[in-house]
Structures are given as C-alpha cells and as structure tokens.
Number of protein chains: 4
Amino acid sequence: MSTNKEKVVLAFSGGLDTSYCVKYLSNEKGMDVHTAIVNTGGFTEKELEEVEMKAMSLGAASHKTIRQVETFYQQCVKYLIFGNVLKNNTYPLSVSAERVFQAVGIAEYAQEVGATHIAHGSTGAGNDQVRFDMIFHILCPHIQVITPIRDMKLSRQEEIDYLAKHGVEKEWAQAKYSINQGLWGTSVGGEETLTSNLALPEEAYPTQVTETAVKQITLHFKEGELVQVNDQKNAPVKNIEYLNAIAAPYGIGRDIHVGDTIIGIKGRVGFEAAAPLITIKAHHALEKHTQTKWQQYWKEQLGNWYGMLVHEGQFLDPVMRNIEGFLTETQEKVSGKVFVTLAPYRFQVDGIESENDLMSGDFGKYGEENLSWSGEDVKGFTKMLANQTKIYHAIHNKNNND
Amino acid sequence: MSTNKEKVVLAFSGGLDTSYCVKYLSNEKGMDVHTAIVNTGGFTEKELEEVEMKAMSLGAASHKTIRQVETFYQQCVKYLIFGNVLKNNTYPLSVSAERVFQAVGIAEYAQEVGATHIAHGSTGAGNDQVRFDMIFHILCPHIQVITPIRDMKLSRQEEIDYLAKHGVEKEWAQAKYSINQGLWGTSVGGEETLTSNLALPEEAYPTQVTETAVKQITLHFKEGELVQVNDQKNAPVKNIEYLNAIAAPYGIGRDIHVGDTIIGIKGRVGFEAAAPLITIKAHHALEKHTQTKWQQYWKEQLGNWYGMLVHEGQFLDPVMRNIEGFLTETQEKVSGKVFVTLAPYRFQVDGIESENDLMSGDFGKYGEENLSWSGEDVKGFTKMLANQTKIYHAIHNKNNND
Amino acid sequence: MSTNKEKVVLAFSGGLDTSYCVKYLSNEKGMDVHTAIVNTGGFTEKELEEVEMKAMSLGAASHKTIRQVETFYQQCVKYLIFGNVLKNNTYPLSVSAERVFQAVGIAEYAQEVGATHIAHGSTGAGNDQVRFDMIFHILCPHIQVITPIRDMKLSRQEEIDYLAKHGVEKEWAQAKYSINQGLWGTSVGGEETLTSNLALPEEAYPTQVTETAVKQITLHFKEGELVQVNDQKNAPVKNIEYLNAIAAPYGIGRDIHVGDTIIGIKGRVGFEAAAPLITIKAHHALEKHTQTKWQQYWKEQLGNWYGMLVHEGQFLDPVMRNIEGFLTETQEKVSGKVFVTLAPYRFQVDGIESENDLMSGDFGKYGEENLSWSGEDVKGFTKMLANQTKIYHAIHNKNNND
Amino acid sequence: MSTNKEKVVLAFSGGLDTSYCVKYLSNEKGMDVHTAIVNTGGFTEKELEEVEMKAMSLGAASHKTIRQVETFYQQCVKYLIFGNVLKNNTYPLSVSAERVFQAVGIAEYAQEVGATHIAHGSTGAGNDQVRFDMIFHILCPHIQVITPIRDMKLSRQEEIDYLAKHGVEKEWAQAKYSINQGLWGTSVGGEETLTSNLALPEEAYPTQVTETAVKQITLHFKEGELVQVNDQKNAPVKNIEYLNAIAAPYGIGRDIHVGDTIIGIKGRVGFEAAAPLITIKAHHALEKHTQTKWQQYWKEQLGNWYGMLVHEGQFLDPVMRNIEGFLTETQEKVSGKVFVTLAPYRFQVDGIESENDLMSGDFGKYGEENLSWSGEDVKGFTKMLANQTKIYHAIHNKNNND
C-alpha cells in the first residue's frame, strides 16, 4: 500500500516511550510509521515476535526485526576483547557499544526503505540521544531526526493518558530497576545509581546467585577470539553466550561504573556482565604471556581510546578502522588455553598454556639460574642502562658542589 | 677501631645468601664488612634486632638498621596511590618499589661511612640485581659493586658448606615459598609461579583466611592521601597498616602477576596486598567522582609510566620527579569518604561522599530531566560533534558514487 | 549615572562588527553598553586610545581597557614555550591562545561591574565564538551571552547601512587580508587561505622583508624562560618583543597552518611569528641537551595536548593546571645560551652552551673512545636488550619449523 | 674451495676498519673471511664494484653485494613516510634506519652460507654496535659475533701499521668529515658535531649549493606513497632519488640533530636530506587535509614511537609490525598532489589538491557563512562542551564561598 504520507522509521522497543511515538507520529504528524528493532543479543525470538505484535497493534505501517548479533560481534565486540576494553578499568561498555549498532541498523534500514524521517525515543538526559543523533547525521544526513520524548519533555503519565485516549489501554508497569540486556552485558539503573554513595542491592540484579560450588573451566583462544569453552567448540558469539550461562549464576561480573557522559555530567550505572569480564581477563592473561612489553603497552593505549570513542558514539571516525587494523595485527600469536576458577561473586584466572608462551623454560626462568646470559652480561647491561641518569646526577652534583 | 682494610657495606637480610657474603667478604677478600638493613615495612623491631645479632655473630665490623618506612611512603607509595598504579592492571609493585628504597638507603649509608665497596646478595636471574646495580651506579659511581652470589653462581649447599667450614653451623631451612614482605604488600614465589598454568595453593599465602563475616568500612582521603580508616585518624603509613590488619584475614588482594622483567624474560609472582588493593580502588573511585575526564585520562598515562619506571629501577630519572609534580597537582580535590564492603576473598567499593563530587544533583542527573540544558542544546551539540566524520563520509560516499 | 537599563559588557575592537553591536544593543535592546578591550599584545597605547574614542563616540556608557600582556605570558605563553607547542608541528597558536585570555578578561570585568549580559561580535563560522561562549559559560554561568552578528547573519553592507541610518557615517574600508596581531604572533587570512592549494603572496604579510644580511644572535634561557637576548636582559615579555623586532624584518616565522577547527571543519590560516618560532626552536634545542630521553618524550605528549586544549578553548579544564605543574617541574635545568643565525626567510639554531649540558665530554663523547664503559659492557647490554625479541623469534621459528 | 677453517661473514665497507678486519680475521684467527656489503642506497654500481675488488685483494674468501634499496623502502622507509617520522622533530633517521637493514642483510647472508661467526667493524662508542649486535642476537642467536675494533680499542695508526706489515700499503686518507650516505639521507660528522655549540660549515656538506632560482614542483601521492614528481611517474624509490637530485643542490634539508643514543649519552650529528624532508612535510600537509583529527593524533604517537624503535635497533620487536599495520590503514585516503616551492636553503609547502580533501567547500568554509549548521547549533554545542568544566568551577566556587 503506497500513500502520500511521509515515511518515518521509528526505533521501537515495545516500551511506553516508543509506543507513544507510534501513535504520536501517525496521529499528530500524519506519518506512515515503520517500526524497527535491532537485536544485538538482548532479545529471544519470542520477545522479538511480541515486539512485532505490539508494533502492528499500535498501528505501525510495517515492522522490521533486524538481527545484528553476529555483525555486532564481528565489527565491535571482537575488538573490545582484543583491546581488553574496560572503561575506567571497570565497565565492558555493555550498553554503549550496542547502541551504536542499533543506530547503524536503523540508519541503513531507513535508507533502504526510502524514509524521509527517523524517530527515536531518547530523552534529553543521557548518552543514547547523542549516539543515535550522531550516527544518523553521519550515515544519512538527508534524513530528518525526530525525538518526540526529548522535544516535549513528556512525563510517563502524560504518555499513558495520550495512549489511553487513542485506545491503547494497557498496564504500563514501571519496574523498580531499568534493565538493558545484550550480548556484551546487562546494565542496571535504579534509585541507588542516582546517588554517589549507594551500592545496588542483590535484588536489583536480573540474574540471582544460585551457584555456590567452585568450578574450573577452560577457555580456548585462537588469534584473540574465544573459540572453545571447556569441550564445546563453537562460533565466538555462541561461546560468549554459553560462558555467560555458566558464570552468571555465580553473580560474577557485577559492579557499578561511574563515568563521564558525552554530555559532560557524571553518570553511574550498575551492570552484570559475567562472560565479558571473564573473557577479557582471560584474554588479557594470555596476552601477558604471548606479547612483548611494547605490544602490551600500545594495545592498552589504543584499546582504551577505542573504548572511549565507542562509548561516545564516535564509532564511525575512520581512526577506529585504523585502530582495528592495529588490534588485529597484535592478535597473531594470542592463541592458547586459559584456566579459570569460578566462585560465588568472583573468579580467578589460574594460568595459561600456549605454544607461544614467552615464559618458556628454554630461555631462562625468572629467579632461576639460566644459560642464556651471564652475570657479566647483566653487569654491562645495568651499567649502560644507568648511563643517562648517572650522567644527569653527576653533572648536577658537580654543579651543586661548585 | 680503624683498620687498613677496605670497607664494604653489605645489604644484609640475615638469610643464607647474605650470611655467606659476610664470611666470604671478610675471609676471602679481607674486607671490613659493615652490614646494613633497610626496613621499608616488612620487619618488626624484634626481627630487626635479630638481624643485627646475626650480623654481629657472623663477624660484621658493624651493623646498621636504616628505618625508611616513612620515606618510602612519602617519596614513592604516595605517588603509587595518586597514580592508582597496578602493573598490568594487577600488581601494586609490592617488591619492586621497596627494592629501590633499600638500594637508595644502602647507597647513602655507604657514602656516609666512606665505603669503597658495596655488596649485595642478588643472583643473576632476577630484577633485583638490576635495581641495586643501577641505583648504585647512579648515586655512588665511585663505589665498586660486588655480587658474590651472582659472580660465583653458588648453590645453596655450597654456601652452607662454606659457612660450616668457617664455624657457622645453623639450620638453614628452605621454606617452600619465598616470601617478601613490606608496607605495600607481600610477594610469594614458589614452584607454581615457575609454571605458566598453576595458581598458588591456599597454604602458600602467609596470611590465612580467618574472617568470614561481611564488614563495611569507611576510608577517608584528603588530597589523595588516606587520612582516616573508620573512626581512626592517623598518619597514612599507620592507616595502611591498620587497613591491612583489618582486610588481610579476608584473603583480599591475592593474585598472580605475570610481567616483563627488566632482563627481558617473563616473570610470574604471587602476592597478597589487601591494603594496597583496597586503597587504590577506593582512591580511584573517588577520583572518578571528583576529576574531569581528561584529568583521569592523563593520570592513567602518567601513573602507568611511573609504575613501569619504578618497577624497572629507573626511579632516579628526573622525569619521575616531573610526573610526581603532575600527580600532586591532580590531587587537589580528591578528598572525601569511600565506602567499602569486605567479604572473604573479595571487596567492593560501594560508593563515595565528597563535597567535590562532580556528580552533583545541582547540575543535572544522568538519565533524569534537568534544568541546565535543553533538548535543543543537545541537538546542536550532536550536530557539531558529528561534523568532521559526517564530512568524511559524505566526501567518500560521493567519491565512491562518481 | 545609574539607570534602570540592563547592563551589557561588549567585547569591543573598534571594527565594523563590534561598532554595529554598540548601536544595536543600545538602540534595539535598550541596554547600557559598556565596551571593553583586552590587550594581549596586539595594540599600542595610541591604538588603545583610539579604540576608546570610537567606543565613546558610538554611545558606549563606558569603556574599559584591560591590559593583559603580562598575565597572558605568565598564565599561558610561558607554558607554550615550556611545551614547545606548535600545533601540527607548525602553528604557535598565535590567535587561539589570545582569545582565551580576552574572554577571561571580559568575563571578569563583566562580573566586576555587575553586568547581566555579555556581548561579542563573533560570527557563526569560526573557532572564536566557541572560545568566547565556553569561557563565559564556565566563568559566569549566570550572565547571558548575546551574539548579534551570529544570530542575525548580517552582511557587512547591512551593518554599514544600519550604522549610517543611526548617524555613524564612516569609511569602513575592507582590507584585502584580515590581520590579528598579538604577543605570540600575527595571523593572516585572505582569499588564498580559503583554498587548499594557494600560498599567501608576499604582500599579504604585515611585516615586509627588509633585512638581508645574515646575523647571529644569542638567546639566554633560565629555567625555560627567555631572560636575555644578546646583551639585553629584561622581562620575558620584553625579550619576546625585542626578538621579534630583530627577526620579523627577515620574514622569519611565516607559514600556513591547516588544522581541525573546534566545529569539525578544516581551517587554514597564514601567520607570521618570528619570535615565537625562534624562541620555541631555541628552547627545544636547549632541552635536547639538558633533559633525559623520557623527560622529552612526556613533555612532547603533554605539551601537544596542552596546545590542543588551548586551541579548543578548554583552557579552564583543571587538567591544564596539572599539566602546567608538570611542565614547570621539567624546566629546572633548562638554563643556558642558544646561538641562532638569522637569514632572509629562515633561521638556524647553531648550538647551545649550558652547565647542565648532558653531552658533557666528561662522560664519553658520541663516536669517540671513552673511559666510562667498555666494549664488554655494551656486549652485555645488547645481549639483555635483545632478550625479549630474541625469545619471541626463537619460539616462533621453532613453532614454524615443527 | 672448501676448507676446514671457520667461516666468518664480515660486514665490509672498504674503509680502514673493515679492511683491517679482513686481514686480522684471516691471519690471526685463521678464518675464512666472506665479506659482504649491503647497499641501502648509498652506493653506485661502480662503487660497489670497487668495494668488491678491495675485498678480494685483501684476501677475502668471497665477496657478496646485497642490494637492499627496494627492500629498505618497502619494509621501512615507506612507514617512516606514513608516520612523518622526524626524530626530535628534526632528523629523518637517515643512518639509523639503514643500519638495521644492513644488519638484517648480513644476518640472512650468514645463515645462508652457514657461517659460524659474523664480524662487524663498529667501535665501542656509538649506536651502530648496538644495532648490529641486537639484530644478530635475534636473527641468528647461534652465530657468534666478533668485533675486533671494539674489542682491541685500536687506533687508526695501529690499524694502518698492521695492514702495512701484511703487505697492504695504501693511502688511508682521513677525511675531515665522516659521511654516511643512503636512500634516506646523508649524515655528516666532524669536529663541530663533537661540540654542543658549533654549527657545521658549508664545506662540510657533501652537496654544495649550486641552485639559486626559486622553483615550483608538484609531488603526487597515492595512499601515502610518492608515485610521481612533476610529470615523472615512477616507483617510489626512483621518485625519491629524482626529487633528491632536484632539491639537494638548493642546500635543502640540512640540519644538526642532537639526540639520545642507545647507550645513554647525547649524540650530535649533521645531515643533509633534501628528499626525505620535502617528502615528509608534503605528505604531512596532505594528511592534514585528508585525515580526521584523531587519525592525525594517533599517527603522531605511533609514528614517533616507530621512529624511536627503528633508531634504537628494535626493528624486530613485533610491535613494529603492529604499528605498520596501523599506519598502512591510515593511508587509505592520503592521495593527491602537493605543491612545493624550492629556494636556496629552504622550501615551502604551498598547498594541496585532493578529491579526499576534508576542507571541501561543500560543507562550510572556515570563517565564512555556511549552510550546514546554524548559530543556534553552535550555541547548543558550546553549552554542552563547557558542561563538565562549568560544573567543576561551580562546585569549587560554591565550596570556596561556603
């Protein structure tokens, strides 16, 4: 059915805000509303079907489910692992990274269907609005962006009333904690995260602790990617999901991140991310054994920067492709097994095994006698290594004594 | 008593290697051996007395106890906290940092007493020989360094036999784990740390886990320094010791560090460092609330570099003084309380309270509506922020389509 | 005279845009217009008086001359020298740095006189609007900023007509090149700088080349500051001005800078900056002789960052104070003479003389035999230095051959 | 002819030191001396023939000419251009980079011919010994390195006398300046470079200034490589040589570099490098127009580091391959023409032309009105950009006033 109406693609989650947008854009703006949802790992097929039914029942002209888990892994999560990216040494960028891919998915779909507008339900208070707006400005500068919730600063009650008036009578339950789930972790916001001093209570976390027995697992990496968990070989995305299923019931990977938002204020968010935390720490341990000092040094610099730009929605800056090129090069020898022990609320990387292990006994063991060099070699080494600082001190001692 | 013999200052710990050195240097080299021990937090007064008695009974010409805990804190540990220094995101540099101060203490003492030689008991297999040699080359280039154990590659049995031959009959028990204790943590080496794959067993750790009840504590920082623990105000050194007494029985701060030694091989070392780990993580949390994004960014760069150079014995490079200047400047507003929960084998930073908290409700809360800016402001912001990448993509899309 | 009118402080230069603003703000907005000019080195006392007369004749309620040359040097230029700051290895930040201090001067004056508004004459096309707006938002968030030229997108002719209508009949000559002069250099914009491919012609540069004879000069630095030029000892600001008077007639320090503006587009600007270029290169040469390798390395990192944030108007981020602390620490030993040869369009740093010169003949000359170390020492050194990469290659050769 | 003698490969240049080594190694050590020379651009075919004749007449068992100019370009010079590498913002690493490739060439040859030893003529006073030793330790750890000149600390006269005694009577003229020529520049050492204060005189430079007329040239780059000079398309190596032939007679690219040697002392060296300097500055200008801000930022970090490690002989650290991967990625859009003006002793980059120029008039010109954004957009932008620092100042003003 072709109409003369303007065509808007709406990023739709099935929640109150975006439900409001469907009605508002079609009724008040007279637009054909084409809803779309991008799955980056947070939804089951059943949930995706429910979202579609909601969209259609609200009067969407069409609904599209965009499956991006594999793309999300290949184009972003992989590099977050290569770079051991933990924002502020804490947060695996669970939500930040996903939002970028959701925005890209929506932008591509809008261009594909020839939309003149894109709408999203972000408020004016967070990072997501920036991520969405920026990606849309860059990828489809000729498509206009509409953000009804941000523009009209609507309250929940106003939205509920408007929907009711237009025949949508529904129980819009407000959860005590706002949860965002995806492949790379789940964020948790609540009244505690609006303070600086309070931790989240146990019940805030979606996965409750049910495992109590210490368990040992083995992760297999090949060129930096997680290719096997215990005896289960599979694609990395599947391995991450499998690892999460094993580890999440231990309450592993919970923490609160306090960081600098794109809009300049401090933001605090809780999260649970068992598989991301274990994968990154295990991968990092393997790198400590297989990379040289300066490889690790520069990986840390570029990995952190990569994470910062992902977080801030700058994923499309070409420097990101350049950094990905660097990170990929560094993974050539990052292959081997990592042994991890899981326990309630914590885990421990026990050790690694790799044919690329530079801690090879063939070349001298730390603290043990060795055959590769002599005490005389080290004496020469330390003499030369001290040389510049020695000259510096000698000159300034002399000057001071003159 | 003045003699015509050459005077050597020997860094003496009371162990087999340095006991051998006392006898060897006096008997074989005909030197006056002046032993000295530098305490950077690992010894009680009683232990220091015992070391002195051992030295004198071995025939030392004199023995000196150099108390450097406060100096060590003021000139180094303080900056390790300011810089949140964890080597490879893991190791608080427990032993590395101490060695530098022990070397400095010995070098100053040797100059003071007019020694012509300095001796230390390092072998040729580790980092310590480099740290000692370098500091001595720099601070007292005219004093000659002697390292009998390294030079002669002696076995334990050869040392024991030599001592016995010279009348020192003693039980030289070899502990299963080699332990190095100091203010900033305790290192643990053993057969497992010579492998890449094995974790240390429970019994390897000097402090056994005796606390099981979850406990909440409050750390008070003033301009980056730990000035109070719970209701106990004291000097930072005392607070660190007090915090360690509280937290160590939880088994907190245990881990294994794998790193690049100064001599190019990989080294692996276990450690327990309850107070250092808690202090650093709490301090870092306070910084996340009180510093701007770029302050944190550059602190991380310079803090990590500082840690690397401490580790590698380059403490006397003047760049270290420059970095200390930077770090000190950054601490101006790092004051407030940090709330921490202790539990067996783990701890959690719950939150902070500070009058310098930039997450102040007065200026907009993350994810909540606010009065400081409007949706329109953010729209303009994102438009400009996207500008360069947008131009980049527009030009290259155009070129591709030409 | 006290009125009930709103009080606006207008940053006033005497040019067409800000002359328009005086009339517009008083006539159309009914405000008391208090003009102010901040001199950061570009104006003579005579020019400042003329500006004042213009302001009063246009109907300003008052006019204030704010002399900031010394402040500008002490709080910014000094650090640009310490950091050897040349944006993109080219541009000494001539205009960028000044604008920040002009904005700070205006902000402080507006608070002092209790203004409710600040006005500036920036258009919507450049960096200056961002620098002014940001500084005002930060230093006086309760004062409202007005930008008539940006808001109304007025053409020159519209402004001239408006002024004529209100009795200001004047020849508003439009120079072919737009010139901005200050202590730290002069920028030159013109039709060529709007292209990517054209250089500026000779006549575009305000200082024409009149010196042809090669001349040698000596610059004296003390802890990084220029304290003497040839036999003339003076305050650094005077020395910079004196050096510029000597060197500018050689056409030294001319170039074109292409850079990233704060608003995301590329900008191109010509400049002449004889004293800044010579001072920075001479200072840098002295540092190469007096600082260690890592001091230089980190100075470059932090100096470049400092320059970037000055350029982008982020001068008030506290990280800038921290970096200034670092830079100041690094200058302790940067004292001595630098010998420079001037020639038409170029100069050359010939060499230095300093009691802190680390290239002291006492400790070995490069390429000459020496007494401080032996060939054996270097052999041990290279063996250990090669160790990690040697192990890396050995392991991977072995793996490849298996 | 096969002998039972040990086989040594000697890096041979035809000069006094390596001539001595041929005789010494065969006569005193009884070895079969296989000489080899690696040409990285400094020798003509005729010169290479002369070197061969010298080797054979001294009694070498064989002589090999290893032509590495193209390899040197492809594996190193290319990346020095991509990274705009100028050590200390001055020196294009003319000699440093060559030495590495000479060492690699010798190491590979020694392995190929099954040598048990490698000899080189370095003294104990410079960087070259470290570069050679390290590369040999890494690439052929089982081959023993011999350095007669370093080991015996021989004087020129001792070498001359020894050669004369063994029938080699020759005029071993000692040039006033020691010259090292290669594809990427020529270094010049002399009595002035052993001081800190003296410049090199005109006559020290091998290429005298014979061109006086200003000339304009055009360099064409494709993905970062110099593919054409004026109307001459050719391979990059040929273009560099051609550019050098044009520019060297202007005296362009002369300077003195003061830097930190690998052995901790300061070293000073003159050089002339017309083509390297022009190529790097032209390439950099093109990047300023075609890369984003953060691409340029990270290129500078990694390019400088790459240069440092090349200089220090660490070319075989795998981080270098990772950085090369990064640099290659960044060059994708660095294509276009660069216009350069040559004049005696100086050159100027006039401008560029590229279809990838981000300073495209289509998206707003700096300082001109534009259509891509409005004054309101910039107001929102500056408000948000100021936000964090504004909050910081507000909180601390409030605290100060309490």
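Use the structure listed above.
Residues numbered from 1 in each chain as written. Chains lettered and ligands numbered in written order. Predicted model: local features only at pLDDT ≥ 70, side-chain atom pairs only at ≥ 80, totals over all residues. Heavy atoms only, no water.

Chemist: Let's hear about the side chain of Lys-266 of chain B: which residues, and what values?
Modeler: Note on placement: Lys-266 of chain B falls in strand β12 (residues 266-272). Within polar-contact distance, the side chain of Lys-266 of chain B engages the backbone oxygen of Gln-291 of chain A at 2.6 Å. Side chain to side chain, Lys-266 of chain B and Asp-260 of chain B meet in a polar contact 2.6 Å long. (Helix = DSSP H or I, 4+ residues; strand = E, 2+ residues; numbered from the N terminus. Polar contact = N/O pair within 3.5 Å; in protein donor to acceptor, adjacent residues only side chain to side chain.)

Chemist: Give a description of the relation of the copies chain A and chain B that names residues and reports values.
Modeler: Here the second copy of the chain follows from the first by a rotation about an axis and a shift along it. Of the two same-sequence chains, chain A is brought onto chain B (RMSD 0.0 Å, axial shift 0.0 Å) by a rotation of 180°. The symmetry that links the two subunits is that of a two-fold axis. Nearest to the rotation axis, the C-alpha of Arg-346 of chain A is located 3.6 Å from it, this being the minimum over chain A. In this assembly, 100% of the residues forming the interface of chain A have copies in chain B that are likewise at the interface, indicating an isologous arrangement. (Least-squares fit on C-alpha atoms with pLDDT ≥ 70 in both. Contact = heavy atoms within 4.5 Å.)

Chemist: So what's going on with the relation of the copies chain A and chain C? Residues and values would help.
Modeler: The two copies are related by a screw motion: chain A maps onto chain C through a turn of 180° and a shift of 0.0 Å along the axis, at an RMSD of 0.0 Å. Mapped onto chain C, 100% of the interface residues of chain A again fall at the interface, so both copies present the same surface.

Chemist: I'd love a proper account of the packing of aromatic side chains, names of residues and values included.
Modeler: As enumerated under the stated definition, the model contains 62 aromatic pairs over all chains in all. When the ring of Tyr-79 of chain B is compared with that of Tyr-306 of chain B, the centres are 6.1 Å apart and the planes differ by 65°; the resulting orientation is edge-to-face. Within this pair, whereas Tyr-79 of chain B is found in helix α3 (residues 69-82), its partner Tyr-306 of chain B is found in helix α10 (residues 293-311), the two being separated by 227 residues in sequence. You'll find Tyr-79 of chain B and Tyr-306 of chain B in the same group, each marked buried. Both rings, one in Phe-101 of chain D and one in Phe-315 of chain D, keep their centres 5.1 Å apart while their planes meet at 65°; by these two values the pair is edge-to-face. Of the two residues, Phe-101 of chain D sits in helix α4 (residues 94-112) while Phe-315 of chain D sits in the loop between α10 (293-311) and α11 (318-330), which places them 214 residues apart along the sequence. (Phe/Tyr/Trp six-rings, centres within 6.5 Å; stacked < 30°, edge-to-face > 60°. Buried < 20%, exposed > 50% of the residue type's maximum accessible area, 1.4 Å probe, protein only.)

Chemist: An account of the packing of helix α8 (residues 236-247) of chain B against helix α9 (residues 274-290) of chain B is requested, with residue identities and associated values reported.
Modeler: Residue and element names in this part refer to chain B. Interhelical geometry of α8 versus α9 gives an angle of 110° and a closest axis separation of 8 Å. As summarised for this structure, α8 and α9 are arranged roughly perpendicular, according to the angle between their axes. From α8, Ile-240, Leu-243, Asn-244 and Ala-247 reach across to α9, where they touch Ala-274, Ala-275, Pro-276, Ile-278 and Thr-279. For the contact of α8 with α9, the class distribution of residues is seven nonpolar, two polar and no charged. (Axes fitted to C-alpha atoms, helices over the stretch in contact; angles between N-to-C directions. Parallel < 35°, antiparallel > 145°, perpendicular 65-115°, else oblique. Nonpolar A, V, L, I, M, F, W, Y, C, P; charged D, E, K, R; others polar.)

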